[in-house]
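Architecture and fold: a report
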Amino acid sequence: MWGVRVTSETFDVVVVGGGAVGENAAGRAARGGLSTALVEADLVGGECSYWACMPSKALLRPGSALAAARRVPGVRADEHLAAAEVLASRDGFTAHWNDAGQVDWAEGAGLTVVRGRARLTGPRALTVTTPDGESRALTARHAVVLCTGSEPVKPPIPGLADTPVWTSREATSAHEVPGRLAVLGGGVVGVEMAQAWARLGAAVTLIVAEDRPLAKLPDFAGALVADGLRADGVDIRLNARAERVSTVAGGVAVQLSGGDRVVADHLLVATGRRPATGGLGLEHVGLTPGEPLTVDDSGLVAGVAGGWLYAAGDVTGRAMLTHQGKYGARVVGDAIVARARGELDQPRPWSPHAATAYHAAVPQVVFTDPEVASVGRTAEAARRDGVRTRVVELDIAVAGSALHARDYTGRASMVVDEDRRVLVGVTFVGPDVAELLHAATIAIVGEVPLDRLWHAVPAYPTVSEVWLRLLEAYGL
Ligand SMILES: Cc1cc2nc3c(=O)[nH]c(=O)nc-3n(C[C@H](O)[C@H](O)[C@H](O)COP(=O)(O)OP(=O)(O)OC[C@H]3O[C@@H](n4cnc5c(N)ncnc54)[C@H](O)[C@@H]3O)c2cc1C
Ligand SMILES: NC(=O)c1ccc[n+]([C@@H]2O[C@H](COP(=O)([O-])OP(=O)(O)OC[C@H]3O[C@@H](n4cnc5c(N)ncnc54)[C@H](O)[C@@H]3O)[C@@H](O)[C@H]2O)c1
């Protein structure tokens, strides 16, 4: 092409997308001795580091700590959050949106970092358009791994497309506390950001389409989180449908069905995400742009012959969580190395080359106050899978919880596969329950029989004694 310099390079593996997931896939491939390029269009580290997990938790943690202190008898925690310092601390956690540290890590791990936007041009072949407009043709001897993440979905609400709104990027990187913030969507982003900004001083209205926030989780989770948000002054509109969004003087207005109108300085649209598969050249390898990439448990993309195209993370549409995507990426990287050595055909479930946990035990924490920590299947999902279930559900009321906080309010449930007498799902809701979760993940992945779990004695007086209460309530 006139005026455009084209260079051509070959690597064993080319990973497209340098988010947490791409970094892990590339890191494992390089560790296995394969020459590996990591192509990133924006910041190495991706969404999680700069506009998602890290900044959102940096915004939430000070409020959780202050609320926790206030719940302990005898602690005088009269102070308010120092918003400017919280925002400055958040800026530190995002390294001020500078990826030099992560590029250093990648190069230290032996990766070649390629800056630019990649698209497939055919089997094992890509073109990268660099920030200065040059084209680099990359060829992969063994594998291309797509780790391009996800993008926010905006529902087709009249006026929304023409109104400037916040996505999670603005909500996690804003440098001022808004006076009034409206949040559309009662999912994980919606509840976390509603609480973070409410505790930093914003007047927050949360617009929820269902009868409770977090509607994908067991009922009690959404109910307890709604109580927590209301205690922070969040105005929650349940069963609310946004009919029109418009710009008004000084902000944004959301017209709700039933006649109510919410006016705010900013509107955060938090109505879900979809895999980012547009503009990737998928049509050149027989796939449909815009659709999620369906993968097998070793990460191989379905519908592509030759066993060279892999994907991991949000782009697959499987659980959109950093830890889960990184797990899938480790599996992909190791599977590519094993296949390059001729050591792998079909991976066995639970082997290092099969991301089997996706089917059984995906852990997630919603970092609100109270926290929601869940792993495995809900009772409904297990029943849909044909599992004969029994659910045990109770309040978290043990010596450890009483000591942990005055009027500790929390609830726990476990879903038991009655035929195998093992756990298939566990949910905890309450202050600081996040760290209880890994025990549940281990019990589910290990398929620990309840009769053996009975011998895992929780220390006294910890909140973990709720495990004992759950097993007693089951009948042990
Ligand atoms: C507000 C918010 C909070 C969250 N909090 C948590 C949390 O606490 N815990 C948790 O587990 N998960 C959390 N998540 C989810 C988590 O952020 C994602 O699951 C995770 O970032 C997915 O990682 P990824 O590498 O697949 O995608 P991404 O992080 O999106 O990375 C994809 C990368 O690919 C690059 N890219 C895309 N297309 C191209 C191309 N053609 N060429 C080159 N590069 C390209 C992008 O620039 C990007 O850097 C949160 C999400 C949001 C929105
Ligand atoms: N702590 C964490 O692990 C964490 C935190 C934030 C985000 N995430 C991940 O990021 C992804 C995206 O999060 P999210 O909250 O955007 O998606 P989500 O799918 O969790 O929730 C989207 C919400 O928007 C609602 N919604 C959709 N259309 C609507 C409309 N027209 N009007 C009103 N409400 C509408 C849905 O009912 C749902 O409650 C999720 O997969 C989540 O797991 C994880």
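Scope of this entry: the structure provided in the associated data block.

Scoring rules and cut-offs
- Residues numbered from 1 in each chain as written.
- Chains lettered and ligands numbered in written order.
- Predicted model: local features only at pLDDT ≥ 70, side-chain atom pairs only at ≥ 80, totals over all residues.
- Near = placed C-beta within 6 Å.
- Helix = DSSP H or I, 4+ residues; strand = E, 2+ residues; numbered from the N terminus.
- Nonpolar A, V, L, I, M, F, W, Y, C, P; charged D, E, K, R; others polar.
- Domains from an automatic or database assignment.
- Core = buried A, V, L, I, M, F, W, Y, C linked by C-beta atoms within 7 Å.
- Buried ≥ 20, exposed ≤ 12 C-beta atoms within 10 Å, placed from the backbone.
- Contact = placed C-beta atoms within 7 Å.
- Pairing = 2+ DSSP bridges.
- Axes fitted to C-alpha atoms, helices over the stretch in contact; angles between N-to-C directions.

1. Let's talk about the site of ligand 1
- In the vicinity of ligand 1 there are 36 residues, among which G17, G19, G46, G149 and G313 approach most closely.
- Put simply, the parts of the chain that give the shell around ligand 1 at least two residues each are α1 (20–31), β2 (36–40), α2 (46–51), α3 (53–70), β4 (117–122), α6 (168–173) and α9 (322–340).
- By residue class, the composition of the shell around ligand 1 is 15 nonpolar, 15 polar and six charged.
- Built from parts of two domains, the shell around ligand 1 gets at least three residues from each of domain 1 (6–45 + 99–151 + 274–357) and domain 2 (160–271).

2. Examining the site of ligand 2
- Neighbouring residues of ligand 2: 25 residues in total, closest P155, G185, G187, V189 and M320.
- Of all the secondary-structure elements, those providing two or more residues to the shell around ligand 2 are α7 (188–199) and β17 (364–366).
- The element best represented in the shell around ligand 2 is α7, accounting for four residues.
- Split into classes, the residues belonging to the shell around ligand 2 amount to 15 nonpolar, seven polar and three charged.

3. Here we look at the nonpolar core
- Counting residues in hydrophobic clusters, the biggest one holds 137 residues, and the most contacted among them are V14, V15, V145, C147 and V183.
- If you tally residues by element for this core, the top one is α7, at eight residues.
- The contacts of V183, once residues within four sequence positions are left out, are G190, M193, A194, V204, L206, I207, L268 and A270.

4. Considerations on the sheet that holds strand β10 (residues 235–237)
- Strand order in the open sheet formed by four strands is β10-β9-β8-β14, with parallel pairing between adjacent strands. The sheet terminates laterally at β10 and β14 (266–269), the two strands that pair on one side only. Between one strand axis and the next, the sheet turns by 20° as a mean value, whatever way the strands run.
- Relative to strand β9 (residues 203–207), α7 is tilted by about 165°, and along the sheet it contacts β8 (180–184), β9 and β14.

5. Observations regarding the sheet that holds strand β18 (residues 371–376)
- Spatially, five strands are ordered β17-β18-β21-β20-β19 in an open sheet, and the strand pairing comes out antiparallel. With one partner strand each, in any of the chains shown, β17 and β19 (389–395) form the two edges of the open sheet. For this sheet, the mean inter-axis angle between neighbouring strands, taken without regard to orientation, is 10°.
- In this sheet, strand β20 (residues 411–417) lies alongside β19 in antiparallel orientation, the contact comprising seven bridges. For R390, the partnering residue across the bridge sits in β20 and is V416.
- Its contacts with the sheet put helix α8 (residues 219–231) on β18, β20 and β21 (422–430), and the angle it makes with β21 is roughly 10°.

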